[in-house]
Every structure is written in C-alpha cells, then in structure tokens.
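# Structural description and commentary
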Amino acid sequence: MSDQPKTSAAARKPPAPRKPAARSARRRSREFALQGLYEWLVSGAEAGVVDAHIREQDDFAKCDSAHFDALLQGCIAEAAALDAVLARHVDRRTELLSPVEHAVLLIGAYELTHCVEIPYRVAINEAVEVAKSFGGTDGHKYVNGVLDKAAADLRPVEVAAARQARTAKPAA
C-alpha cells in the first residue's frame, strides 16, 4: 500500500478544456462562401448583393478573400453545371437538399473541379468540417459520401492513385 492519500475522482481537477484549433484563412473563406451561397439559395438575391452583405460580416478580413471570391462567384456562375455533377451522386434533386448541405456540396464540387492545387481528400475533408459546423446532425456524412463519389468522376487519376496506394501498403 502506498503512503499517499487517496483522492476521489470528484476531488481531481478535470483536464482543462482544449482550445479549438484556430481556423485558417481558407477555412474562413469557405465558411463565408457557405453563408453567401445559403443566402443566394434561400433568397435568390443577386450575387453582387450577397457578396456585399458577406463582406460586411465581422472577421471577414481574416479570410482568404481571393479564395472566397472564387468560391462564391464560381459556385453561383456554375451552379447548374455543379448541380449536374452532383445529381449523379445524390438521392434526390439538388433543390430538395437542405440549403446548407447543398451549398457545402457546391463548394466541394467547385474545389474538386477548379482547385486542382488542393488535394481531393483535403477538399472533401474541408467540406465535411464546414458541414459539421453549419449543417444538420448527420449532414456531414451525406456530404462526405456524395463528394467522395464525385471526386472519382472529377479527379479519376488522383483518386485511383490514392486508392491504389492504400491497398498497396503492407500490413503492419
């Protein structure tokens, strides 16, 4: 037996809560683009009006404004084409999706299509993280499944190489 006094679980201090990781400028640009696309999808406002409204938000200066511009303007301009890509992988018409999930899927599909400098797994993961923050309870799972399938269509070489590398790893 030890000479140290026993302490009850209640007497021990709980670990300090972890501070959430600081959001990157790119993550913030995706979040602001999501808010703009949500406004555009729900209200039907013109892109310029939505853009101006989002730029008035607190902390907008902390986002990657060039990426925000590309996402918001690109998703609005190419909404029909992006919806056509998504339509092959969703279980209903895109206009019947939750506006949050629809906006996240537009952003993910846009990044998979136009932002080839962003690895496809990063584009999917970022969309999932934004969906976790803004979407419904399990919306992020839906976003993950749809974008994973879309990535195979939009970036077949990159996806095939990643899948082959995973299967080629020897078991430890």
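Anyway, here's the lowdown on the structure attached to this text. On a predicted model such as this, the values are computed, not experimentally measured, just so you know. (Residues numbered from 1 in each chain as written. Predicted model: local features only at pLDDT ≥ 70, side-chain atom pairs only at ≥ 80, totals over all residues. Heavy atoms only, no water.)

### Notes on the overall build of the protein chain
Along the protein chain, the regular secondary structure elements total eight helices and zero strands. Within the span of the protein chain, comprising 172 residues, buried residues form 39% of the whole. Here the contacts in the protein chain between residues at least 6 apart in sequence split such that 72% fall between residues at least 24 apart. When the accessible surface of the protein chain is split by element, carbon and sulfur atoms take 55% of a total near 10400 Å². (Helix = DSSP H or I, 4+ residues; strand = E, 2+ residues; numbered from the N terminus. Buried < 20%, exposed > 50% of the residue type's maximum accessible area, 1.4 Å probe, protein only. Contact = heavy atoms within 4.5 Å. Areas by Shrake-Rupley, 256 points an atom, 1.4 Å probe, with all protein chains shown as cover.)

### As for the packing of aromatic side chains
Tallied over the full model, the rule gives two aromatic pairs. With 5.0 Å between their ring centres and 85° between their planes, Phe60 and Phe68 make a pair best called edge-to-face. Side by side, Phe60 and Phe68 carry an identical accessibility label, which is buried. Ring-pair connections join several aromatic residues into one group, and the members of that group are Phe32, Phe60 and Phe68. A cation over an aromatic ring shows up here: Arg92 above the ring of Tyr142, its NZ or CZ 5.2 Å from the ring centre. (Phe/Tyr/Trp six-rings, centres within 6.5 Å; stacked < 30°, edge-to-face > 60°. Lys NZ or Arg CZ within 6 Å of the ring centre and 35° of its normal.)

### Considerations on the side chain of Glu39
Mapped onto the secondary structure, Glu39 falls in helix α1 (residues 25–43). The buried charged residue Glu39 lacks any salt bridge, with Arg55 as its nearest oppositely charged partner at 12 Å. Every residue in contact with Glu39, bar those within four places of it in the chain, is listed here: Gly44, Val50, His53 and Ile54. (Lys, Arg positive; Asp, Glu negative; His and termini not counted. Salt bridge = Lys/Arg side-chain N within 4 Å of Asp/Glu carboxyl O.)

### Digging into unusual backbone geometry
Positive phi, normally seen in glycine, also occurs at Asp59, with a value near 70°. Along the chain, Asp59 falls in the loop between α2 (47–55) and α3 (65–77). On the basis of relative accessibility, which here comes to 40%, the residue Asp59 falls in the partly exposed class.

### Considerations on the environment of Ala150
Position of Ala150 relative to the elements: it lies in helix α7 (residues 139–154). Along the chain, Ala150 and Ala87 lie 63 residues apart, while their C-alpha atoms are 9.5 Å from each other. Setting aside residues up to four positions removed in sequence, Ala150 forms contacts with Val85 and His89.

### Comments concerning the packing of helix α5 (residues 99–114) against helix α6 (residues 120–134)
Where α5 contacts α6, the two axes come as close as 9 Å, and the packing angle between them is 165°. Taken together, α5 and α6 sit at an angle that is classed as roughly antiparallel. Crossing geometry of α5 relative to α6 is assigned as right-handed. Listed contacts from α6 to Val100, Val104, Glu111 and Leu112 of α5 are Tyr120, Ala123, Ala127, Val130, Ala131 and Phe134. (Axes fitted to C-alpha atoms, helices over the stretch in contact; angles between N-to-C directions. Parallel < 35°, antiparallel > 145°, perpendicular 65-115°, else oblique. Left-handed = near helix turned anticlockwise from the far one by under 90°.)

### Some points on the pattern of salt bridges
Taken as a whole and assessed by the stated rule, the structure comprises 15 salt bridges. Across the pair Glu126 and Arg27 runs a salt bridge whose closest N-O atoms are separated by 2.6 Å. A residue pair is termed long-range when its members are at least 10 positions apart, and Glu126 in helix α6 and Arg27 in helix α1 qualify at 99 residues. Exposure class is identical for Glu126 and Arg27. Each is buried. For Arg155, the salt bridge is made with Glu158, and the minimal N-O distance between the two is 3.0 Å. Here Glu158 falls in the partly exposed class, since its relative accessible area comes to 29%.

Honestly, it's all geometry; don't read function into it.
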